[in-house]
Each structure stands twice: as C-alpha cells, then as structure tokens.
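Structure assessment
Spelled out from the first residue to the last, the chains are:
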Amino acid sequence: MSDSLLISGGRVFRGLANGFAEAVLISQGRVAAVGTADEVAQVAPPGTRRLDLAGRIAIPAFNEAHMHLLPYGLALSQVNLRAEQVTTLDEVLRRVGDAAKKAPKGAWVLGRGYDHGALDVGRHPTAKELDRVAPDNPVYIVRTCGHMGVANTAAMRAAGVGHNTPDPEGGAIERKNGELTGLFQERAKRLIVDAMPLPSEDAMVDAIERAGRHLASLGFATASDMNVGMTAGLNEIGAYRRALADGRLVQRMWQVLAGNPEGIAQSAWDNGLRPDHKDDMLAWGAVKVFGDGSAGGLTAAFFDPYLESAGGGTGLFMFPDTKMHHLLALYHRQGWQLDIHAIGDAAIEQVLQGMEAASTADMPILGRRHRIEHCGFLNADQRRRMKANGIIPVPQPVFMYEFGDLYVKNLGLPRSEAAYPMRTWLEEGHNPAASSDCPVSTVDPFINLFTMITRKTNKGTVLGPDETLTPEQALHCYTWCGAYSQFAEDRRGTLEVGMQADLAVLSKDIFSIAPEEVLKTEADLTLRGGAAIFDRHDALRAEAA
C-alpha cells in the first residue's frame, strides 16, 4: 500500500493567506497536493489511503510556542490545585493532606496551580496551615503563575531558610509580624527548589513522553520547553536527547535554555551546545532570562502602580538594568535567539532597551527574531520599536480567560482591556505567536482560540472587544506565527505543497460554529510528518486494515 493519504470530505484550512481547500494529499511526510477534491484525487497514486472528514475540518497542527513541557509532565503526577477544581483553602489543604498520607515520611509533597485570588480566603496558604496537614513531610506548592509558591516548615528547614535569611536579588521571602509565612516569590523560589531531590533521567523521559502524548491528543505537533535546566540542571539536556533517541519525543521541540545566573545557559555553552534552528525534532534555539514576575501575583514590573486596593507597589525587576543588559548582550553575541520574560511595561522597556543596546554593526538584532515572552502590557512606542527591530511578542491569550478578572482587580479596567492586544499586533505585522505557558495555564488550544475570538474571561467578562480576532486569524497566530518565531515557517504552519504534513483533524469546523462551540471541540487526529501521533477513533488504523 502507498504511504500516501488523501483527506477530503470537509474543509482544509491551508493558512491565512490562501484560505480553504476541499482536499489535501500527503506523501512521504509532506503535503503533495492541495486544492479541489477532483484535482487532488487525480494526482493521488494507486493504493493511496483515504480519510473522510465527514464535515470536519483539517488544519495545520497547533504549535505550542511557549510552554514548559518537562515541568508539565512532572506536574501531571503532582497534587493538582488548579483553580477550576480548587476554590477553597480547605480543599487545598485536603488535597495536600491526602498526598502526604500516601507519601513516605520525609518525602517531598509537591503541588501546582493554586490561585490565591480565586480561593475563598483571598490569600495564599501559609506554612503553618501546610504543617497542620503534612507534619512529617516537606511541602511546596506553586501558584498557577509559577512565580511564587508556599513552603511548609519542614521544606524551609531542608532549604536552610530561617528568620534571618536575606531576600535574594530579584526575589522576596515574605514575613509577617516577624515570622516566615512560607511564601517565596520570584528568584527566592530557588532556595526551596534547590533543596528538593532531583528527578532521575528515567522519570524525566517518562514525563516528556507523558506530556507529549497529552499534547498530541489536543492537536499539537510542535511544542517547547521554555526554561530548560531549572528542574534538574544539565541533566535535562540528556533526558531530551534520550527521549528523542528512544522514539519517545512526541512533538517537534523548540528548546530554550535557562539564562538567569542560576540557569544552565553558560554551562551548556561551555559544554559545547550551540544554537541550532534547523533540527526538526530537537532544536536548541534560544536562551531565556526573566525580567519581572506576574500581573496576577503583583510582581510584574510597571511604571504605574497596582491599585491601592490590591496592595499597591510597582512589582519586581529580576535584575538591575546593567545586569539585564549584560546578559542580553552576552547571549546575543553567542548567537542565541533571546526569549525574554517581561509582562509589565517597565520590564518590557528594560528588556527592549537591552536588546537595542546589544545590536552592533557586525551583529545587528534585525533578523534575529528575538522574542519578548508574554509582553502583556505595553505601549505604542514599545510596539513601534519592536516592529522596527523584528522583535516578536509571544503572548498567552488564555491569560485573559483565566486571569482577566484578577487583572481588573489588580490594575483596573482600562489597563486590563489593553492587555495582550492580539488584533493590534497582527494588524501591525508583529506575528504574535499565541501560546499557553502551560502549566501556568491550561494547554487546551480551544480555550485559547475561544479567548482570541471573544476576549471573554472565564467569568464572562469581555475585556477589550476591539482586540478580538476572526477564527482564521486566531488559528494563524497558533500555527504559522509559532513556526515563524522558531525559524520554521518555510517548513510548517500552513498546509501548502512541500510543507511538512503536520496536521490536525478537529471534531468541529471551528470556522462555522458559535464561539461557545469552539470550547466543545476536540482533536480527532494529529499527524506529525504524515504519521499519526494521536488517532482518537483509530481512523487510519481502520483504513490500513
């Protein structure tokens, strides 16, 4: 039987530029023909397998341009504290306590995803509360944003943190009435994380595959790990290489090394790792440095303060200007793409100035496709300078869905409505690469698409209706723009002749249904290079039989 596959019986979204076709032919891992059903059928070789869409839609596979694949895979075996399931402090403590009862005495209990703003008490849990339900185990639970977490007394003892431990640069250890509350923010988190036992290579490879299989079930053929090295150091590089060698790497991966001083970027460089944009399965493309924190956690850095009712202040810079600019210049000169975390306008300005200062006559930044990750709250001048220098915003529209109402509480309505301006970016030619920052937010692409189309929060609030996108535009941002941000738009992101056959079949035609129906859509089939990495209904197996 031929290795060719003809998909017809529904619409095929070729991409934003060329719209829809009736059929697509896949051969030898690439798109061989696309057009009308008759045109494509005429060039299909004998023995071609056929897949009937039956009114469904075929699209370029999703590209998760900013997530943390290995941490997500590890988190799938940790205590789930996400806000859609956990809305009370008692439920947080119950889940942690249940996990502690099942764990050996002295073993770490880890949890992920609580949102203090969504809890009934409107605050973070405390060390004493965690002590009460897990007296015999170190406990560390991470807020949904990933920028802060709460440790119990045993965890702080294991980390050597006491009342006199100073705040590290770019971090804060919370104290109230002279006592440690257990809350560690931004770079202070490393005090706790560095005390945890490292996962084994076997555990990391398992996590990489586990996360990859889940992403495939959602229609992703490309993903990323945006801070490689912050869980297990250089060992993470070995885990990814082994996953690839063992055939357990499910997505094409865009890898971004942790570039903060506590990260591995310099060690990896010293060990011979160099930028590689062209490896289709495991590209080591970029370095990440943190500029600030999160708007939901009040640590994103702004020029204007947060509302007094939310606590005031202007957030946290991870580094002073001189150190940030030094790091950006260093990694720019080494040839890496800069994928720099900045959410608040003050942090974006610091990062933007650093990128501009790194540009030299012999190594200009134009053409390097440096990225500002998140880039949530910026002004028109910053957008103009980003466009002039080819600096790409890599936003997470789903933040508006999950955290939009908290933004209003923390920053007020006008600033929240202007956040993550997807339509403005797209119309100005910025090529914004939509993504999720999973496990910070859900990796479900249909929630992200819904948010881009409606600008609705999960409570139904519409924030910035002028920034809505059409379904075609939203999908473009979630496919082609991601590929562009990874120097891969010549190979994937559209379904045109010669492109890699990275394709997803969706259960509903998302271009012809109500936005609320998008939330009920699933991926029925995901192909990477023409091979099925997920097949919900075993359609290709049945065809082969």
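Heads up: these notes are all about the structure in this document.

So, how was this worked out
- Residues numbered from 1 in each chain as written.
- Predicted model: local features only at pLDDT ≥ 70, side-chain atom pairs only at ≥ 80, totals over all residues.
- Heavy atoms only, no water.
- Salt bridge = Lys/Arg side-chain N within 4 Å of Asp/Glu carboxyl O.
- Helix = DSSP H or I, 4+ residues; strand = E, 2+ residues; numbered from the N terminus.
- Buried < 20%, exposed > 50% of the residue type's maximum accessible area, 1.4 Å probe, protein only.
- Axes fitted to C-alpha atoms, helices over the stretch in contact; angles between N-to-C directions.
- Parallel < 35°, antiparallel > 145°, perpendicular 65-115°, else oblique.
- Left-handed = near helix turned anticlockwise from the far one by under 90°.
- Contact = heavy atoms within 4.5 Å.
- Pairing = 2+ DSSP bridges.
- Right-handed = clockwise from strand over helix to strand, strands pointing away.
- Expected span 1.5 Å × (residues − 1).
- 1 Å grid on protein atoms, 1.4 Å probe; cavity = no way out; pocket = protein on both sides within 12 Å on 5 of 7 lines; lining within 4 Å.
- Points joined across faces, edges and corners; volume = space filled by probe spheres on them.
- Nonpolar A, V, L, I, M, F, W, Y, C, P; charged D, E, K, R; others polar.
- Disulfide = S-S within 2.5 Å.
- Core = buried A, V, L, I, M, F, W, Y, C linked by side-chain atoms within 4.5 Å.
- Polar contact = N/O pair within 3.5 Å; in protein donor to acceptor, adjacent residues only side chain to side chain.

1. Some words on the pattern of salt bridges
Side chains that differ in charge, positive against negative, can pair when their charged atoms come close. This model, assessed by the stated rule, comprises 41 salt bridges. Salt-bridge contacts for E209 lead to R213; the nearest nitrogen and oxygen are separated by 3.7 Å. Of this pair, E209 and R213 both sit in helix α7 (residues 201–216), four residues apart, which is roughly one turn of the helix. Between D381 and R385 there is a salt bridge, with its nearest N and O atoms 3.1 Å apart. With D381 and R385 both in helix α12 (residues 380–388), this residue pair falls four residues apart, about one helical turn. With a relative accessible area of 35%, D381 lands in the partly exposed category. When its relative accessible area of 11% is taken as the criterion, R385 is described as buried.

2. Focus on the packing of helix α10 (residues 321–334) against helix α11 (residues 345–358)
Relative orientation and spacing of two packed helices are given, respectively, by the angle between their axes and the distance between those axes. Interhelical geometry of α10 versus α11 gives an angle of 45° and a closest axis separation of 9 Å. Comparing their axes, α11 and α10 come out oblique. Once α10 is placed against α11, the crossing between them reads as right-handed. The segment α10 lies against α11, with D321, M324, H325, L328, A329 and H332 engaging Q350, V351, Q353, G354, M355 and A358.

3. Brief notes about the pairing of strand β9 (residues 139–143)
Across the five residues of β9, five count as buried, placing the element largely inside the fold. Looking at chain direction, strand β8 (residues 109–114) and β9 are connected through five bridges and run parallel. Bridged to G111 within β9 is I141. Crossover handedness for the path β8 to helix α4 (residues 127–133) to β9: right-handed. With three bridges connecting them, β9 and strand β10 (residues 148–151) associate as antiparallel partners. Paired with I141 across the two strands is V150, which belongs to β10. Hairpin connection from β9 to β10: four residues lie between these consecutive antiparallel strands, with G146 at a positive phi of about 80°.

4. Brief notes about α11
Helical periodicity: at 3.6 residues per turn, an α-helix aligns residues three or four positions apart in one direction. An ideal rise of 1.5 Å per residue puts 20 Å on 14 residues; α11 measures up with 20 Å between its terminal C-alpha atoms. Buried residues dominate α11, accounting for eleven of its 14 residues. Regarding α11, the residues found buried are D345, A346, A347, I348, E349, Q350, V351, L352, G354, M355 and A358. Lining the buried residues of α11 we find α10, β16 (337–342), β17 (371–374) and α12.

5. Some points on empty space enclosed by the protein
Tallying each qualifying case throughout the model produces three cavities of 30 Å³ or more. There is about 100 Å³ of room inside the largest cavity. Surrounding the largest cavity, 14 residues form its lining, C145, S294, F399, F403 and V440 being those nearest its centre. Considering every element that reaches the lining of the largest cavity, the biggest residue donor is helix α13 (residues 398–411), with three residues. Partitioning the lining of the largest cavity into residue classes produces seven nonpolar, five polar and two charged.

6. Here's the deal with the state of the cysteines
The full count for this structure, using the stated rule, is zero disulfides. Cysteine C438 is unpaired, with the sulfur of C145 as its nearest cysteine sulfur at 14 Å.

7. Observations regarding the nonpolar core
Side chains of a nonpolar character, in soluble globular proteins, are inclined to be buried together. L257 and L449 are the most contacted members of the largest nonpolar core, which has 86 residues in total. In contact with L449, not counting residues within four places along its chain, are F62, A474, L475, Y478, I510 and V518.

8. Concerning the environment of Q350
For Q350, the location among the structural elements is in helix α11. The residues touching Q350, leaving out its near neighbours within four places in the chain, are G291, F317, F319, P320, D321, M324 and H325. Only 2.8 Å separates the side chain of Q350 from the side chain of D321, close enough to count as a polar contact.

9. Some remarks on the layout of surface pockets
Quantified by volume, the largest pocket comes out at close to 1200 Å³. Lining the largest pocket are 48 residues, and of these P71, R112, V193, M230 and T231 sit closest to its centre. At the level of secondary structure, the elements contributing two or more residues to the lining of the largest pocket comprise α2 (69–75), β8, β9, α6 (189–193) and β13 (220–228). Considering every element that reaches the lining of the largest pocket, the biggest residue donor is β8, with four residues. Here the lining of the largest pocket is composed, by residue class, of 23 nonpolar, 15 polar and ten charged. For the second largest pocket, the lining is made up of 29 residues, of which H116, H124, E174, K176 and L183 are closest to its centre. Of all the secondary-structure elements, those providing two or more residues to the lining of the second largest pocket are α4, β11 (171–176), β12 (179–186) and α13. Per-element tally for the lining of the second largest pocket: the top contributor is β12, with five residues. Residues that form the lining of the second largest pocket fall into these classes: nine nonpolar, 14 polar and six charged.

10. Points about the environment of R455
Mapping R455 onto the fold places it in the loop between α16 (445–454) and α17 (471–478). In this structure R455 comes out as buried when scored by relative accessible area, which is 2%. Spatially, the C-alpha atoms of R455 and A483 are 24 Å apart, while their sequence positions differ by 28 residues. Within the structure, the side chain of R455 is placed 3.1 Å from the backbone oxygen of E417, a separation counted as a polar contact. Here G464 takes part through its backbone oxygen, which lies 3.3 Å from a polar atom of the side chain of R455.

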